[in-house]
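Structure assessment
Chain residues, written in single-letter form:
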Amino acid sequence: MTEPALLTLTQLRAGLDRKDFSSVELTSSCLKLIEKHADLNAFIEICEEQALAQAKHADSLLAKGETSPLLGIPLAIKDAIVTAGIRTTCASKMLQNFIPPYDATVIQKLKQEGAVIVAKNNLDEFAMGSSSENSAFGPVKNPWDKKRVPGGSSSGSAAAVAAGLVPGALGTDTGGSVRQPASFCGIVGIKPTYGRVSRYGVVAYASSLDQVGVFGRRTADCATLLQTIAGHDFKDSTSIQQPLPDFSANLETDIKGLKIGVPKEYFEEGLDPQVCDAVKAAIDKLVSLGAQACEVSLPHSQYAVAVYYIIASAEASSNLSRYDGVRYGYRASNPSDLQDLYCRSRSEAFGIEVQRRILMGTFVLSSGYFEAYYLRAQKVRTLIAEDFKRVFENDCDLIACPTAPTTAYLLGEKVQNPLQMYLGDVYTLPASLAGLPGLSLPCGFDSQRLPIGLQLIGRPWDEATLFKVAQAYENATAWKTHAPNLG
Amino acid sequence: MFKAEDTLKIASLARLAPSQDELLVLTKDSNAILEYVRQLETLDLTGVQPMSHVHGVTNVLREDEPEPSLTVDEALSNAIDTHDNFFKVPIIIE
């Protein structure tokens, strides 16, 4: 059997239904590849036993002639999403032995559809970071160049899909953590509209921004994955009751007449010229396919980095107060008093970036500084969101821009300068703050053969248009045929 | 400008006890980040409402009816230490 894990999800579906291979064979093939490419460090936990049991069950259903889009399909899950009975660490020493007693809603949904969960992906600790270098389990390597970062924080999910170890994976995106690694690893990744997917069982970082997203090597694969996990959940009061369109049904429709807004502020200083050229060429390609492009202005997007690091840090400082060494997680030994138990448990188990954000968040929420920092940031967030609202009402149906200002940088290059690292999120943060869906898809390579990502941002709840445009571009270009050489 | 003692004070509010080395790094980084976010001061925000939720929804309530939840054993399954049905902590008050 050829490596079935390298096929797309659609091809795998057909192969399983035709009985070309079984889910057990497919899952075993993924497990072998995961072991073979362990040097990528894309995984924290491999669930071989459970995965093979799930695959066997899927095979018994397939033998009865049953089928559904993900039945028997192996997937990997970012280790910030809890899985019953499978260790969930969030790449932190704090949760290194945590075995959740329940499944996140998205995991329940995948299991109901018969998907096979093969492994948990490495990430930046508590999803705070853009390179995986904040993981307590060591950094993930970019499959295109193992000296480089895969992006983050859903680093292992993106690297595993790009390397062909699994056909799809779940990630989470708070400020770009699905889109930026998808861009750096040359695959498709989508963060849906805030509220589209339940956050129940997703380890909380910044609750007004966190959203589960998906990775695939093809647009259609992402459409299938998002379809399965989306929908209102009474266990998450921020998930919203909205009609769920059939994302796959309208993938292959014409994009003629669609208006694409090109925000001028996203093509200014700081954008790598090769990324700029590739993204502009991709927009030209969409125009040649019948879309119309027009320049738009999102003047407040330039403040997104400042706003994000105030709001996300504030929410993180609150969310992470639950880790106190009392009930679960890491506990420091021999505490002298209660304060010492709290403080040492937290500082011994949290990495430096997590402590940095907790500190910053505590500061901006503290008496005397709340209005100057947190309240001000919340107001500028309104302005950022209003910019998008205005252009979607007057000018365009979606926005096209770069996903990240550069291609993947070297491991270690930005570790010493957190602000520099934060600035790499400049193009993904605005859509996060506005709660809008954003998709990244491959649109070329730089001179070092590193992938470049095109970001499409849509109206609230309009993931379908992003999928449609991404599919049209994918059909018209050959980037999808490139794969990293893993040696 | 943040000084090391300011960082220490915030750290104490956040129940963190960074090492001396960490304290220096955190102080330096905090200053750089606070300097960067000062750009927000240039905006006139008169009349702008703060956004805490993108869809502007309010609290969602349901009927107060009991539903299945974790058993005590499940809830305690990750406890660092237990005594009967309780989380157990070290003696911290003499």
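We now turn to the structure provided with this report. These numbers were taken from a predicted model, which means no experiment stands behind them. (Residues numbered from 1 in each chain as written. Chains lettered and ligands numbered in written order. Predicted model: local features only at pLDDT ≥ 70, side-chain atom pairs only at ≥ 80, totals over all residues. Heavy atoms only, no water.)

**Digging into the overall build of chain B**
A tally of helices and strands in chain B yields 3 helices and 2 strands. Sequence-ordered secondary structure for chain B, helices as α and strands as β, is α-α-α-β-β. Against the compact-globule benchmark of 12 Å for 94 residues, chain B has a radius of gyration of 23 Å, which places it well outside the compact range. Over its C-alpha atoms, taken along the principal directions, chain B stretches across nearly 55 × 45 × 20 Å. Looking at chain B as a whole, 29% of its 94 residues qualify as buried. When the accessible surface of chain B is totalled, it reaches about 6,900 Å², and 53% of it is carbon and sulfur. Charged side chains in chain B number 7 positive and 17 negative. The centres of these two groups are separated by 10 Å. (Helix = DSSP H or I, 4+ residues; strand = E, 2+ residues; numbered from the N terminus. Rg over C-alpha atoms; globule rule 2.2 N^0.38 Å. Buried < 20%, exposed > 50% of the residue type's maximum accessible area, 1.4 Å probe, protein only. Areas by Shrake-Rupley, 256 points an atom, 1.4 Å probe, with all protein chains shown as cover. Lys, Arg positive; Asp, Glu negative; His and termini not counted. Charge placed at Lys NZ, Arg CZ, Asp CG, Glu CD.)

**Some points on the sheet that holds strand 11 (residues 451–458) of chain A**
All names here are of chain A. Across the sheet, 11 strands lie side by side as 1-3-2-4-6-5-10-11-9-7-8; this open sheet has mixed pairing. Of all the strands in the sheet, just strand 1 (43–46) and strand 8 (292–296) have a single pairing partner and so form its edges. Across the sheet, the mean angle separating the axes of adjacent strands is 30° when strand polarity is ignored. Pairing of strand 2 (residues 74–78) with strand 4 (residues 168–173) involves 2 bridges; the strand directions are parallel. Residue pairing in the sheet places Ala-76 in a bridge with Ala-169 of strand 4. The sheet strands contacting helix 2 (residues 23–36) are strand 1, strand 2 and strand 3 (116–121), and the helix crosses strand 3 at an angle near 15°. Across the face of the sheet, helix 8 (residues 273–288) comes into contact with strand 7 (259–263), strand 8, strand 9 (398–402), strand 10 (438–445) and strand 11 while running at roughly 55° to strand 11. (Pairing = 2+ DSSP bridges. Axes fitted to C-alpha atoms, helices over the stretch in contact; angles between N-to-C directions. Contact = heavy atoms within 4.5 Å.)

**As for the pairing of strand 5 (residues 188–191) of chain A**
All names here are of chain A. Side chains Val-188 and Ile-190 project from strand 5 onto one buried face, and the interleaved Gly-189 and Lys-191 project onto a second face that is buried too. Alignment of strand 5 against strand 6 (residues 211–216), held across 3 bridges, turns out to be antiparallel. The partner of Ile-190 across the bridge, within strand 6, is Val-214. Pairing geometry for strand 5 and strand 10, over 3 bridges, is antiparallel. Considered in strand 10, the bridge of Ile-190 is made with Leu-439.

**With respect to the nonpolar core**
Among the nonpolar cores identified, the biggest contains 145 residues, and Phe126(A), Phe388(A) and Leu456(A) are the most heavily contacted of them. When residues of this core are assigned to their parent elements, the largest contribution, 11 residues, is made by helix 9 (residues 304–319) of chain A. (Core = buried A, V, L, I, M, F, W, Y, C linked by side-chain atoms within 4.5 Å.)

**Regarding a negative patch on the surface**
All names here are of chain B. Taken together, the side chains of Glu-63, Asp-64, Glu-65 and Glu-67 make up a negatively charged region of the molecular surface. Summarising the element assignment, Glu-67 is placed in the loop between helix 2 (20–37) and helix 3 (72–75). Among the residues examined, Glu-67 registers a relative accessible area of 42% and is labelled partly exposed. (Patch = residues over 30% accessible without salt bridge, like charges linked within 9 Å, V, L, I, M, F, W, Y side chains within 5 Å. Salt bridge = Lys/Arg side-chain N within 4 Å of Asp/Glu carboxyl O.)

**Considerations on the pattern of salt bridges**
Taken as a whole, this structure holds 22 salt bridges over all chains when the rule is applied. A salt bridge links Lys146(A) to Asp39(A); the nearest nitrogen and oxygen atoms lie 3.0 Å apart. Of the two residues, Lys146(A) sits in the loop between strand 3 and helix 5 (155–162) while Asp39(A) sits in the loop between helix 2 and strand 1, which places them 107 residues apart along the sequence. Within this structure, Glu353(A), Arg356(A), Arg357(A), Lys28(B) and Asp29(B) form a network of salt bridges that share partners.

**Brief notes about the interface of chain B and chain A**
Between chain B and chain A, the residue contacts involve 51 residues of the former and 65 residues of the latter. For the pairing of chain B and chain A, the buried interface totals around 5,100 Å² over both sides, and the portion due to carbon and sulfur atoms is 72%. Taken together, chain B and chain A are joined by 12 residue pairs in polar contact (both at pLDDT 80 or more). Mapped by element, the contributors of at least two residues to the side of chain B that touches chain A are helix 1 (4–13) and helix 2 of chain B. Sorting elements by how many residues they give to the side of chain B that touches chain A places helix 2 of chain B first, with 11 residues. (Buried area = accessible area lost by both parts, 1.4 Å probe. Polar contact = N/O pair within 3.5 Å; in protein donor to acceptor, adjacent residues only side chain to side chain.)

**Structural notes on helix 5 of chain A**
All names here are of chain A. Summarising burial for helix 5: 8 of the 8 residues are buried, a large majority. Within the sequence span of helix 5, burial applies to Ser-155, Gly-156, Ser-157, Ala-158, Ala-159, Ala-160, Val-161 and Ala-162. Where helix 5 is buried, its residues meet strand 1, strand 2, strand 3, strand 4, helix 6 (179–185) and strand 6. The positive-phi residue at the C-terminal boundary of helix 5 is Gly-164, with phi of around 75°.

**With respect to helix 2 of chain B**
Under the 1.5 Å per step criterion, the end-to-end length of helix 2 of chain B is 26 Å for 18 residues, consistent within 8% with the ideal 26 Å. Among the residues of helix 2 of chain B, those classed as buried are Leu23(B), Leu26(B), Thr27(B), Asp29(B), Ser30(B), Asn31(B), Ile33(B), Leu34(B) and Val37(B). Summarising the contacts, the buried residues of helix 2 of chain B are in contact with helix 9, helix 11 (352–365), helix 12 (371–394) and helix 13 (418–423) of chain A together with helix 1 of chain B. (Expected span 1.5 Å × (residues − 1).)

**Topic: the packing of aromatic side chains**
Residues and elements named next belong to chain A. Summed over the entire model, instances satisfying the criterion amount to 19 aromatic pairs over all chains. Summarising the aromatic geometry, the rings of Phe-388 and Phe-392 are spaced 6.5 Å apart at their centres and angled 25° between planes, so their arrangement reads as stacked. You can see Phe-388 and its partner Phe-392 sitting in helix 12, 4 residues apart, about one turn around the helix. Ring-pair connections join several aromatic residues into one group, and the members of that group are Phe-98, Phe-126, Tyr-323, Tyr-328 and Phe-350. The positively charged end of Lys-414 is found above the aromatic ring belonging to Tyr-409, 4.3 Å away from the centroid. (Phe/Tyr/Trp six-rings, centres within 6.5 Å; stacked < 30°, edge-to-face > 60°. Lys NZ or Arg CZ within 6 Å of the ring centre and 35° of its normal.)

**Quick look at the side chain of Ser347(A)**
Relative to the helices and strands, Ser347(A) resides in helix 10 (residues 338–349). Taking the relative accessible area as the measure of exposure, Ser347(A) reaches 9% and is therefore buried. At 2.7 Å, the side chain of Ser347(A) and the backbone nitrogen of Ala17(B) are in polar contact.

**A few points about the environment of Leu441(A)**
All names here are of chain A. Note on placement: Leu-441 falls in strand 10. In this structure, the C-alpha to C-alpha distance between Leu-441 and Arg-179, residues 262 residues apart in sequence, is 8.4 Å. In this view, Leu-441 contacts Ile-187, Val-188, Ile-452, Gly-453, Leu-454, Leu-456, Ala-470 and Tyr-473; residues no more than four positions away in its chain are not counted.

**Describing the state of the cysteines**
Residue and element names in this part refer to chain A. Throughout the structure, instances matching the rule amount to 0 disulfides over all chains. Just so you know, Cys-90 is unpaired, no disulfide at all, and the nearest cysteine sulfur is the one on Cys-47, 15 Å from it. Residue Cys-401 stays outside any disulfide, its sulfur separated by 11 Å from that of Cys-443, the closest cysteine. (Disulfide = S-S within 2.5 Å.)

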